[in-house]
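Close look at the chain arrangement
Spelled out from the first residue to the last, the chains are:
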Amino acid sequence: MALAAAETIEIWDERPDKPYDRDTRARLDERDLRARAIPDVATALALLPDVVIRAAGRGGRQIDIRGARRSAVKLLVDGVAIDDPYFGNFDLVSIPATDLAQVRVSTAPASPIDGAGGPGGVVELHTRDAVGDAELLAQVAGDSLPAATLAVTGRHGLARGVAVRASATATLGAETFEVPGPVEVGEARRSASAAVRLEHRAGARRAVVDGFGLVRSYVVPPNEEDTAEITVIEREVSGRASGQLEERLGRWQVLANAYAHGTTRLSRFYLDPTLATPEAKEDLRANRAGAGALATRGLGPRTRAVAALHLDTEAARVDDGLTLSRGRSTVAELAAGGQLATARLRVDAALGLAVPLGLGAPVTPEGKLVLELAPVPTVTLTATVARKGRLPTLRERYRARTGNTALGGETNDFGEVRVRLGDARVEVTSAAWLRLTDGLIKNDPATMQFANRDAIDLYGVDLEVVIGRGRAVEGAVSYGYVEASADGAGEPLDFLARHRGQLRLTGRPRPWLLLEAREQVVGQRLDRATWLPAYSALGLTASATRGPWQVAARLDDLLDDRFWVRAGVPSSGRTAAITVTRRWP
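My aim in this report is to walk through the structure given alongside it, one point at a time. Chains are numbered independently. Their residues run from 1 in the order of the written sequence. In view of the model being predicted, local features appear only for residues whose pLDDT reaches at least 70, and side-chain atom pairs are presented and counted only at 80 or more, with totals across whole chains, interfaces and linings using the full set of residues. Water and hydrogen atoms were dropped before computing side-chain values, which therefore reflect all heavy atoms in the structure.

Let's talk about the overall build of the protein chain
On a plain count of helices and strands, the protein chain comes out with 3 helices and 36 strands. The globule rule is 2.2 Å times the number of residues to the power 0.38, and the radius of gyration it is compared with is taken over C-alpha atoms. Radius of gyration (C-alpha) of the protein chain: 23 Å, near the 25 Å computed for a compact globule of 585 residues. Here the C-alpha coordinates of the protein chain stretch approximately 70 × 60 × 50 Å along the principal axes. For the protein chain, the computed accessible surface area is about 25,300 Å², with 60% contributed by carbon and sulfur atoms. Between the mean site of the 75 positive side-chain charges and the mean site of the 74 negative ones, the protein chain shows a separation of 5 Å. Where helices and strands are cited, they refer to DSSP runs of H or I of at least four residues and of E of at least two residues respectively, numbered from the N terminus. The Shrake-Rupley method, run with a 1.4 Å probe, gives the accessible areas here. Residue values count only the displayed protein chains as cover. Lys and Arg are tallied as positive, Asp and Glu as negative. Neither His nor the chain termini are counted. Note on charges: their place is set at NZ of Lys, CZ of Arg, CG of Asp or CD of Glu.

Right under this line is the structure:
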């Protein structure tokens with residue numbers, strides 16, 4: 001955790017004077033994304049061995065971290081939570097890679113300083129600043145699904161200390177899905193998004209206003225063996241607006257923010273693969289808004305005090321033609337903590353209270369403590385303990401027939417010991433962790449409603465070995481094991497792979513050329529009553545940079561295994577993609 005008064009190391013495009021640096025690790029930057037022909041955040045996160053990206057039931061892709069999924073993983077864009085107001089999830093495909101400066105991930109729970117939720121981990125996305133040298137970045141990508149994407153991001157100064165950054169992305173797709181019978185289901189995917197940032201800097205003061213809009217339509221990949229229903233997202237419109245203000249008041253550095261997020265989605269459900277007559281529909285309207293303030297103050301050359309207050313509220317209205325359901329959820333989080341950083345020791349501690357408002361739920365104490373010791377440069381020991389929870393999503397609480405207004409929240413107790421040995425020549429990192437969840441929210445097959453499970457225990461180990469980091473030839477092998485146990489018979493969690501691994505070999509024979517091979521192995525998982533077989537997928541990447549031009553090619557699932565991503569839903573199989581990027585000036 002970098003302290004403002006301590007020696008600061010600037011990483012990529014990060015500002016060294018940030019008021020608060022979260023307990024997340026930098027994993028990818030914009031150069032990594034362009035070199036590997038990465039079109040969106042979902043594809044970027046899939047490169048990380050300790051993160052699982054899988055297909056969501058309503059389309060798109062969602063993130064799992066050590067068995068935690070949906071709203072248990074906190075997703076932040078420039079410090080603002082952007083989880084879906086209704087499902088508690090966010091489609092990572094909708095964020096273009098051209099806007100990203102850095103991807104950071106924590107596999108430990110969020111701190112109370114971050115606000116409510118996030119017991120399963122944190123994904124933090126830093127986008128490109130508006131202030132800086134004027135530039136324009138254009139990217140054209142195409143793949144064999146087929147699909148094509150055009151993304152443009154540019155920034156320009158408007159006046160002294162005032163600048164604007166704007167971006168736009170458009171995607172067209174025409175993938176075909178096989179279903180039982182002589183008919184195929186064709187997808188006419190359409191997606192367009194735009195974002196704008198207005199930024200002002202004057203000394204220690206920084207003010208930012210962000211806006212984002214998305215319009216799209218698509219088909220959720222159907223079950224090709226037993227198609228009971230085909231889901232078509234006929235129209236989805238999302239919008240976000242947020243503002244941030246950083247100011248220095250004497251010895252205090254203050255960060256205040258506010259945001260609003262709205263989504264409308266019209267889904268139609270078909271029994272006929274010709275998509276002639278819909279059998280049902282779902283009209284969803286959801287919104288989310290919040291505000292927060294964070295203040296930090298240096299207490300000495302190595303210590304800092306932190307205090308934060310967050311308030312978040314969300315509401316939804318769902319009409320399926322037969323029933324109308326609606327609800328609202330509001331929660332506040334008050335937190336305070338401190339940080340200590342020396343050459344060999346780092347301490348980051350925080351305590352907080354999650355306060356549900358108007359839900360009849362109890363106030364819940366939360367906390368997180370991180371101790372990191374580096375006795376010598378080649379050895380780092382990190383211990384983390386935390387207690388963090390989450391409230392039910394609006395879907396879990398209020399959805400007609402399956403919702404349960406009597407649901408309580410989840411509480412997670414977490415512990416981890418991490419050891420890092422070595423240097424750039426050979427680096428070995430291992431971690432042993434434990435998460436005890438009380439009141440896990442899960443659909444009960446007996447009642448077909450969401451219910452709180454009494455308790456579920458998850459524990460596991462992660463191991464990664466990296467050889468020759470940053471050198472002409474770099475290799476890495478990783479392995480992760482997760483075990484879940486709970487009272488009663490049967491598998492306690494869907495889509496939990498006990499074993500997963502990754503083998504990566506990266507070569508840079510010339511400064512302008514990158515070659516990479518990546519083999520991913522995932523163990524069997526349960527999708528309700530169906531076990532999905534284990535699979536492995538081999539991917540190849542090559543990219544070349546000449547002046548302002550960069551051309552990258554990617555080949556996924558080289559052996560065309562077409563493994564199952566959900567019961568009866570295969571992956572896209574062998575897919576080739578090419579990306580051309582041009583930067584001005």
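Now that the structure has been shown, we can carry on.
What about unusual backbone geometry?
Residues other than glycine predominantly adopt negative phi, and peptide bonds predominantly adopt the trans conformation. With an omega of 5 degrees, the peptide bond running from L145 to P146 counts as cis. Relative to the helices and strands, P146 resides in the loop between β9 (135-143) and β10 (147-159). At the junction of W584 and P585, the peptide bond is cis and its omega measures out at -5 degrees in the coordinates. Summarising the element assignment, P585 is placed in the segment after β36 (575-584). Despite not being glycine, D557 shows a phi value in the positive range, around 50 degrees. Tracing the backbone through its elements, the reader meets D557 in the loop between β33 (549-556) and β34 (564-566).

Some details on the pairing of β9
Sheet faces and side chains relate simply in a regular strand, where the side chains alternate between the two faces. Think of it this way: DSSP has to see at least two bridges between two strands before they count as a pair. Relative to β10, β9 runs antiparallel, the two sharing 9 bridges. Bridge assignment links V140 to a residue of β10, and that residue is L150. Counted along the chain from β9 to the antiparallel partner β10, the turn is 3 residues long. Here 8 bridges tie β9 to β36, and the two strands are oriented antiparallel to one another. Bridge pairing in β36 links L136 to W584.

A closer look at the sheet that holds strand β3 (residues 61-65)
The strand order across the open sheet built from 3 strands is β2-β3-β4, with neighbouring strands paired in antiparallel fashion. Each having just a single partner strand, β2 (52-55) and β4 (68-69) make up the two edges of the open sheet. Note: β3 against β4, 2 bridges, orientation antiparallel. Looking across to β4, one finds that I65 is bridged to A68.

So, the nonpolar core
For the purposes of this section, nonpolar cores are sets of buried Ala, Val, Leu, Ile, Met, Phe, Trp, Tyr and Cys residues that join through side-chain atoms within 4.5 Å. A 1.4 Å probe rolled over the protein chains alone gives each residue an accessible area, and that area as a share of the maximum for its type sets the label: buried under 20%, exposed over 50%, partly exposed in between. Formed by 25 residues in total, the largest nonpolar core has its most connected members in L45, V51, I63, V123 and L125. No other element matches helix α2 (residues 41-45), which puts 4 residues into this core. Counting 11 residues, the second-largest nonpolar core is a separate cluster that includes A386, L458, L493 and L496.

Let's talk about the environment of A386
Relative to the helices and strands, A386 resides in strand β23 (residues 379-390). Between the alpha carbons of A386 and L515 there is a distance of 40 Å; along the sequence they are 129 residues apart. Here A386 is in contact with P109, G367, K368, N412, D413 and F414, once residues within four sequence places are set aside. Note on definitions: a residue-residue contact is assigned when non-hydrogen atoms from the two residues lie within 4.5 Å.

Quick notes on the side chain of E135
Among the secondary structure elements, E135 is positioned in strand β9. Residue class for E135 comes out buried when judged on its relative accessible area of 15%. Ignoring sequence-local partners within four residues, the contact set of E135 consists of R128, T153, G154, R155, R583, W584 and P585.

Details of the side chain of R435
Take R435: it is sitting in strand β25 (residues 426-444). Each polar contact in these results corresponds to two N or O atoms within 3.5 Å; when the atoms are within protein, one needs to be able to donate a hydrogen and the other to accept it, and residues that are neighboring in sequence are counted only if both atoms are side-chain atoms. Within the local environment of R435, its side chain forms a polar contact with the backbone oxygen of R66, the two atoms lying 3.1 Å apart. Filtering out sequence-adjacent residues up to four positions away, R435 remains in contact with I65, R66, A68, T107, P119, G120, N412, D413, F414, I456, D457 and L458.

Some details on the pattern of salt bridges
We define a salt bridge as a contact between a side-chain nitrogen of Lys or Arg and a carboxyl oxygen of Asp or Glu at a distance within 4 Å. Here the structure, examined in full by the defined rule, presents 49 salt bridges. E366 is the partner of K388 in a salt bridge, and the nearest nitrogen-oxygen pair spans 2.9 Å. Here the residue K388 occupies a position in strand β23, and E366 occupies one in strand β22 (residues 364-376), the gap between them amounting to 22 residues. For the pair shown, K388 and E366 are each scored as buried.

A closer look at the sheet that holds strand β8 (residues 121-127)
One open sheet accounts for 5 strands, arranged β1-β7-β8-β5-β6; its pairing is mixed. Where the open sheet ends on each side, the last strands, each with one partner, are β1 (25-29) and β6 (80-81). For strand β7 (residues 100-106) and β8, the ladder comprises 6 bridges, and the chain directions are antiparallel. The residue bridging R104 from the neighbouring strand is E124, located in β8.

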